[in-house]
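One-letter residues, chain by chain:
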Amino acid sequence: MNDSDLSTQWGKYYEATLDRPPRDTLVRALNAFDAETLSVNPRFAIDLGCGNGVDTIEIIRRGWTVLATDREPGAIEWVKQRVPIEQQPQLRTQVAALEEIQLPQADLINASFSLPFCQPVPFVGLWQQIVATLRSGGRFAGNFFGDRDGWSQHTDMNFHNVDQAKQALSAFEVEYFLEEESDGVTALGDPKHWHTFSIVARKF
Ligand SMILES: C[S@@+](CC[C@H](N)C(=O)[O-])C[C@H]1O[C@@H](n2cnc3c(N)ncnc32)[C@H](O)[C@@H]1O
């Protein structure tokens, strides 16, 4: 697929998923912050591969400032449009590829169904950056794709077996780790074998 076809596909994905609620891993992470008595305010989050902003909107609604990033300019346009005007001061945006992004320090890094789309070699550096960028007590929320995922032959994406997924979290207290595998469909209705890890983890 060339870049313009990819953008068209993502554009369709953003429209097809406009009614989705925020991701479960994100909500778990936000609730975990809220349950802590020694909370830091204002809290700063990065939403990597933010898509149409489904998670960014929720993070902002709960009082955080968010840097929403995505490689697709169309995604950033959706986010800017969907965040209510009175909450716009809490929104920062950046069009950036996961392979090249430079992350500022953050309390939360959210990456819902986006990290697998980073090429495998740059992913190693990206993950090191995510670990280094999170403040102690900060959280990662998001997903890896498993090695039995139906897209695992895509050489421009990255996949983890269960040991690799756990190994990636060695600098974290793992608060939630759910491995799922099933036959299903994509948001655009194409059949797909899903093998995913859904994670919430607190940095030591
Ligand atoms: C499956 S969507 C997930 C969007 C959103 N986080 C959600 O939960 O609905 C993946 C997102 O990652 C973005 N993406 C894919 N490859 C990327 C890359 N290499 N760098 C940055 N963003 C990328 C896509 O543009 C898309 O918005």
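As a reminder, the structure under discussion sits directly above these lines.
Residues numbered from 1 in each chain as written. Predicted model: local features only at pLDDT ≥ 70, side-chain atom pairs only at ≥ 80, totals over all residues. Heavy atoms only, no water.

1. Topic: the environment of Arg-202
Filter applied, for reference: In this text, helices come from DSSP runs of H or I with a minimum length of four residues, and strands from runs of E with a minimum of two, each type numbered from the N-terminal end. We call a residue buried when its accessible area falls under 20% of the maximum for its residue type, exposed when it is over 50%, and partly exposed in between, using a 1.4 Å probe and counting protein chains only. We define a polar contact as two N or O atoms separated by no more than 3.5 Å, with the added condition that, inside protein, one atom must be a possible hydrogen donor and the other a possible acceptor, whereas residues neighbouring each other in sequence contribute only through side-chain atom pairs.
Residue placement: Arg-202 occurs in strand E7 (residues 191–203). Take Arg-202: its relative accessible area is 27%, and that puts it in the partly exposed class. Counting along the chain gives 183 residues from Arg-202 to Asp-19, while the straight-line C-alpha distance between them is 29 Å. A polar contact is formed between the side chain of Arg-202 and the side chain of Glu-36, at a distance of 3.1 Å.

2. Thoughts on the state of the cysteines
Threshold: Whenever a pair of cysteine sulfur atoms sits within 2.5 Å, that pair is classed as a disulfide.
By the definition in use, this model includes zero disulfides. Looking at Cys-50, it has no disulfide partner, and the nearest cysteine sulfur is the one in Cys-118, 15 Å off. Residue classification places Cys-50 among the buried residues on the basis of a relative accessible area of 5%.

3. Looking at the side chain of Thr-17
Rules: By definition in these notes, contact holds between two residues if any of their heavy atoms fall within 4.5 Å.
When you line up the elements, Thr-17 lands in the loop between helix H1 (3–16) and helix H2 (24–35). You can call Thr-17 buried: its relative accessible area is 6%. Apart from residues no more than four positions distant in its own chain, Thr-17 is found in contact with Asn-52 and Ala-187.

4. Focus: the nonpolar core
Operational definition: Residues enter a nonpolar core if they are buried and are Ala, Val, Leu, Ile, Met, Phe, Trp, Tyr or Cys, with the set joined through side-chain atoms within 4.5 Å.
Counting 28 residues, the largest nonpolar core has Leu-48, Ile-109, Leu-115, Trp-127, Ile-130, Phe-140 and Phe-144 as the members making the most contacts within it. Those elements giving two or more residues to this core turn out to be strand E1 (44–48), strand E4 (106–111), helix H5 (120–133), strand E5 (134–145), helix H6 (162–168) and E7. No other element matches H5, which puts five residues into this core. Residue contacts for Phe-144: discarding those within four places in its chain leaves Leu-115, Pro-116, Phe-123, Trp-127, His-160, Ala-165, Ala-168, His-195, Thr-196, Phe-197 and Ile-199. In this structure, Ile-60, Val-79, Tyr-176 and Val-200 belong to the second largest nonpolar core, which totals 19 residues.

Everything listed here is a matter of geometry and, on its own, says nothing about what the molecule does.
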